[in-house]
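# Working through the structure, step by step
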Amino acid sequence: MKKKITVPDLRQKKENHERIVMLTAYDTPSARLVDEAGVDVVLVGDSLGDNVLGYENTIPVTMEEMIHHTRAVKRGLRRALLVADMPFMSFQCSWEEAVRNAGRLIKDAGAEAVKIEGGAAIAETVHRMTGFGIPVMGHLGLTPQSVNAFGGYRVQGKDAYSAERIMQDAALLQEAGAFAVVLELVPAELAGKISKSLSIPTIGIGSGPLCDGQVLVYHDMLGINPDRSYRHVKRYAELGVEIRQATERYASEVREGKFPTEENGF
Ligand code: KIV
């Protein structure tokens, strides 16, 4: 087996100009498959909400749901670093509550790091967490938990003022001890500038080719929800279509008496 990936390995990868591969997973079989495929970082994203649990967005996701799915993913991993998202309202009210909840994801669920959305407003919280030995990945740009404030899923940092704010937030997160930062839906040039200015790695999603790594949502990358398509996603399979067609074949074979046959009995 290849060497287990740790938090310091990610910075080393940046220094070596090796790109970091990150993908989400939400259960044991998918975690096992992506781990065997050599993904470096597996994120139990709160995208769990709209990809697996049937919620409209990530806002309703609870700590209990994140712990349940992080435990399941943990059981499928051998090599990849396991990062769990801090869901909406698990970290905003006080740094004490944030540390307690991050601790649950590490201690009760087996995550090796947590990811948290936001910039200046959570810098103190990130500082406290990292001070207590909890590795933190930041998340800037389009932060989906703020979808109501943004009024939709839009590219962030298009004007000089908001670009500067994202640059400053990235520097603050690094200063607070974050070991990496996700840049979601920010213009490629800005993502490149931030990546150059930081010593910690940036992980892009919809942020162009100049980040130090890339993350996608498992279901998007594999086309599991065939009706959803996004410009920032490349689909490497059409599993949704395959699953539907396979299920149709199964249903018609059962109805026509073609399955099961004697071969499938005892
Ligand atoms: O929840 C999630 O899956 C994420 C990634 C898309 C970065 O935050």
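Bear in mind the structure is a predicted one, so any value in this text is a computation, not a measurement.

Before going further, it helps to examine the overall build of the protein chain. Looking only at helices and strands, one finds 11 helices and eight strands in the protein chain. Over its C-alpha trace the protein chain gives a radius of gyration of 20 Å, about what one expects of a compact globule, namely 18 Å for 266 residues. By principal-axis analysis of the C-alpha atoms, the protein chain measures approximately 65 × 40 × 40 Å. Scored against the burial criterion, the 266 residues of the protein chain give a buried share of 50%. Partitioning the intrachain contacts of the protein chain with sequence separation of at least 6 by distance along the chain shows that 58% fall at a separation of at least 24. Here the protein chain displays about 13700 Å² of accessible surface, and carbon together with sulfur accounts for 53% of that area. Each charge class in the protein chain was averaged separately, 31 positive and 35 negative side chains, and the resulting centres sit 3 Å apart.

With omega at 0°, the peptide bond leading from F259 into P260 counts as cis. Within the fold, P260 resides in the segment after α11 (239–255). Phi is positive for H17, close to 60°, though the residue is something other than glycine. Position of H17 relative to the elements: it lies in the loop between α1 (7–15) and β1 (20–24). In this structure, L185 takes a positive phi of about 50° despite not being glycine.

Attention shifts here to the domain arrangement of the protein chain. Looking at the protein chain, the domain boundaries give domain 1 (7–235) and domain 2 (240–266). The C-alpha-based centres of domain 1 and domain 2 are spaced at 39 Å.

All right, on to the site of the ligand then. Around the ligand, the neighbouring residues are T24, L43, G45, D46, S47, D85, K115, H139, V182, I205, V215 and V217. Side-chain polar atom of S47 to an oxygen atom of the ligand: 2.5 Å apart, as the coordinates give it. A distance of 3.1 Å separates an oxygen atom of the ligand from a polar side-chain atom of D85. Isolated, the ligand exposes 260 Å² of accessible area, and the fraction of that covered by the protein chains is 96%. Of the residues belonging to the shell around the ligand, the class tally is five nonpolar, four polar and three charged.

Read around the closed barrel, eight strands run β1-β2-β3-β4-β5-β6-β7-β8, paired in parallel fashion. Strand-to-strand twist in this sheet, taken as the mean axis angle between neighbours without regard to direction, amounts to 25°. Two strands pair when backbone bridges link them, and strand β5 (residues 136–141) and strand β6 (residues 180–184) are joined in this way by five bridges, in the parallel orientation. Across the sheet, the residue bridging to L140 is L183, located in β6. Across the sheet, helix α8 (residues 160–176) is in contact with β5 and β6; its angle to β5 comes to roughly 175°.

Here we take up the side chain of T125. The topology assignment puts T125 in helix α6 (residues 123–131). Taking relative accessible area as the criterion, T125 reaches 8% and is therefore assigned buried.

Parameters at a glance
Once a new chain begins, its residue numbering starts again from 1 and follows that chain's sequence as written. Only residues with pLDDT of 70 or above have their local features reported here, since the model is predicted, and side-chain atom pairs are shown and tallied only from 80 upward, although totals for entire chains, interfaces and linings are computed over all residues. The basis for the side-chain values is all heavy atoms of the structure; hydrogens and waters are excluded. Each helix is a run of DSSP H or I of at least 4 residues and each strand a run of E of at least 2, with the numbering of both proceeding from the N terminus. Just to be clear, the radius of gyration here is over C-alpha atoms, and the globule rule we use is 2.2 Å times residues to the power 0.38. Only protein chains enter the accessibility calculation, which uses a 1.4 Å probe; a residue is then buried when its area is under 20% of its type maximum, exposed when over 50%, and partly exposed in between. Contact definition: two residues touch when any of their heavy atoms are within 4.5 Å. Note on areas: Shrake-Rupley with a 1.4 Å probe; residue coverage comes only from the protein chains shown. Counting rule for charge: Lys and Arg are taken as positive, Asp and Glu as negative, and neither His nor the chain ends is counted. The atoms used to mark charge sites are NZ of Lys, CZ of Arg, CG of Asp and CD of Glu. What fixes the domain bounds is an automatic or database domain assignment. One heavy atom within 4 Å of a molecule or strand is enough for the residue carrying it to be called near that molecule or strand. Two N or O atoms count as a polar contact when they lie within 3.5 Å, although within protein this holds only if one can serve as hydrogen donor and the other as acceptor, and sequence-adjacent residues are included solely when both atoms are side-chain atoms. For this scheme, ten residues count as nonpolar: Ala, Val, Leu, Ile, Met, Phe, Trp, Tyr, Cys and Pro. Four count as charged, namely Asp, Glu, Lys and Arg, and the remainder, Gly too, count as polar. Think of it this way: DSSP has to see at least two bridges between two strands before they count as a pair. Interaxial angles span 0 to 180 degrees and are taken between N-to-C directions of axes, which are lines fitted to C-alpha atoms, for helices over the stretch in contact.

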